[in-house]
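Structural overview
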Amino acid sequence: MILTADFHSHILPGIDDGAQTVDESLKMLDMMGQPFEDGSHYVVATPHFKYHNVDDDLINQYISDRNISFAKLKSADAKKSKNIILGSEVALGRALTECNNLDKLVMGSSNIIMLEMPFQPYKPWMYEVVEKVRYTYKLTPMIAHFERYASLYRREDYAELFEFPDAIFQFNASSLKVRKLRKLIISAIESGLPVVMGSDCHDTKSRIPDYHDGMHILDKKLDEEAFYYFRNMSENIIMEMK
Ligand SMILES: [Fe+2]
């Protein structure tokens, strides 16, 4: 059985701008379909962690809120909550370099941390923060929805980011429906980068858990070898987290 994983979701209830209630979370989990029911599909819950100033207390508060939210979901449906892995979507800012317990924000049992780049043109300080996360804190950065910056980043900005040692690049399944973004994603996969998919789902209506729609598109657009490589990559990374 091949394991698949939605690496980016706002599935936990009442913690950010994603699911607002336990009921909504459960409906979103239902939308993940049969592979989730069967236990071969995982979902990483990545609520926003977005602060200008980051300190230990804020991180502790966030972890406590996330645990409470997850506990509510588990007590409503323990079976459906089984394949949820806790993570976070950490907004990249200069303040991250002054924080000593970023490791609390990793994804599951891995040392991978999801970083959301600011929605603005690429600047050297951003790379420096990613470097600090990698080399000082010894965490592996996963860049959230890397394709979202296509209108802001120049070709050479992407080239620099893609060369970052050991980084993982996540894209949103819905971006595969946009030609320009699909091209960027497909070429990143075909060039052998560690690329994974997430739905970045927030609700049941417009930002839905569409991971499997994305898989269908990839199956059609990638050749067999690239598709196999992509699935294997996902499986290896989720094994590190679970
Ligand atoms: Fe997100």
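Quick note: structure is the one above.
This report concerns the structure included in the present document. Computed from a predicted model, the values in this text were never measured in an experiment. (Residues numbered from 1 in each chain as written. Predicted model: local features only at pLDDT ≥ 70, side-chain atom pairs only at ≥ 80, totals over all residues.)

1. Quick word on the overall build of the protein chain
- When helices and strands are tallied, the protein chain shows nine helices and nine strands.
- Taking 18 Å as the expected radius of gyration for a compact globule of 242 residues, we find that the protein chain reaches 17 Å, a close match to that expectation.
- Referenced to the eigenvectors of the C-alpha coordinate spread, the extents of the protein chain come out at roughly 45 × 45 × 30 Å.
- Of all 242 residues assigned to the protein chain, the portion counted as buried reaches 40%. (Helix = DSSP H or I, 4+ residues; strand = E, 2+ residues; numbered from the N terminus. Rg over C-alpha atoms; globule rule 2.2 N^0.38 Å. Buried ≥ 20, exposed ≤ 12 C-beta atoms within 10 Å, placed from the backbone.)

2. Some details on the pairing of strand E7 (residues 140-143)
- Sheet analysis places strand E6 (residues 112-116) next to E7, joined by four bridges and oriented parallel. By the bridge assignment for E7, Leu115 is matched with Ile143.
- As for the winding sense of the linkage, the β-α-β connection from E6 through helix H5 (residues 124-136) to E7 is right-handed.
- Where E7 meets strand E8 (residues 168-172), two bridges bridge the pair, whose relative direction is parallel. Among the inter-strand pairings, Met142 is bridged to a residue of E8, identified as Ile168.
- Chirality of the crossover, the property in question, places the unit of E7, helix H6 (residues 155-162) and E8 among those that are right-handed. (Pairing = 2+ DSSP bridges. Right-handed = clockwise from strand over helix to strand, strands pointing away.)

3. What about the sheet that holds E8?
- Pairing in this open sheet of six strands is parallel, and the strands run E3-E5-E6-E7-E8-E9 from one edge to the other. At either end of the open sheet lies a strand with only one pairing partner, and these are strand E3 (48-49) and strand E9 (195-198).

4. Digging into the packing of helix H1 (residues 22-30) against helix H3 (residues 56-76)
- Packing of H1 against H3 brings their axes to within 10 Å, and their N-to-C directions diverge by 70°. In terms of orientation, H1 and H3 fall into the roughly perpendicular class. Relative to H3, the crossing made by H1 is right-handed. Residue-level inspection shows Val22, Ser25 and Leu26 of H1 in contact with H3, the latter providing Lys72, Leu73 and Ala76. (Axes fitted to C-alpha atoms, helices over the stretch in contact; angles between N-to-C directions. Parallel < 35°, antiparallel > 145°, perpendicular 65-115°, else oblique. Left-handed = near helix turned anticlockwise from the far one by under 90°. Contact = placed C-beta atoms within 7 Å.)

5. Side note on the sheet that holds strand E1 (residues 4-9)
- Pairing is parallel across the open sheet formed by three strands, whose spatial order is E1-E2-E4. Two strands lie at the open edges of the sheet, namely E1 and strand E4 (84-86), each paired on one side alone. Strand-to-strand twist across the sheet, computed as the mean angle between neighbouring axes with direction ignored, equals 25°.
- Across the face of the sheet, helix H9 (residues 224-241) comes into contact with E1, strand E2 (41-45) and E4 while running at roughly 70° to E1.

6. Here's the deal with the pairing of E6
- Counting buried positions over the five residues of E6 gives five, a clear majority of the element.
- Burial along E6 is two-sided: the residues Ile112, Met114 and Glu116 and Ile113 and Leu115 are all buried.
- For strand E5 (residues 89-91) and E6, the ladder comprises three bridges, and the chain directions are parallel. Bridging across to E6, Val90 finds its partner in Leu115.

7. Some remarks on the environment of Lys104
- Structurally, Lys104 is set in the loop between E5 and E6.
- Since 14 C-beta atoms lie within 10 Å of it, Lys104 is described here as partly exposed.
- Considering only alpha carbons, one finds Lys104 and Asn60, 44 residues apart in sequence, at a separation of 8.4 Å.
- Apart from the residues lying within four places of it in its own chain, the contact partners of Lys104 are Ile59 and Ile63.

8. Details of H9
- The end-to-end C-alpha separation of H9 is 26 Å, in line with the 26 Å expected for 18 residues at 1.5 Å each.
- In this structure, the buried residues of H9 make contact with E1, E2, E8, helix H7 (179-190), E9 and helix H8 (211-221). (Expected span 1.5 Å × (residues − 1).)

9. Some details on the nonpolar core
- Ranked by size, the top nonpolar core spans 62 residues in total, and within it Ile11, Val43, Val44, Ile113, Leu115, Met142 and Ile143 carry the most contacts.
- The contacts of Leu115, once residues within four sequence positions are left out, are Val90, Leu92, Val130, Val133, Pro141, Met142, Ile143 and Ala144. (Core = buried A, V, L, I, M, F, W, Y, C linked by C-beta atoms within 7 Å.)

10. Thoughts on the environment of Phe146
- The residue Phe146 is located in the loop between E7 and H6 in this model.
- Overall, Phe146 belongs to the buried group, with 26 C-beta atoms counted inside 10 Å.
- Residues Phe146 and Phe162 lie 16 residues apart in sequence; the distance between their C-alpha atoms is 9.7 Å.
- Apart from residues lying up to four places away in sequence, Phe146 is in contact with Phe169, Gln170 and Phe171.

11. Points about unusual backbone geometry
- Although it is not a glycine, His145 adopts a positive phi angle of roughly 25°.
- When you line up the elements, His145 lands in the loop between E7 and H6.
- For His145, a count of 20 C-beta atoms within 10 Å translates into the label buried.

So yeah, pure geometry; function would need other evidence.
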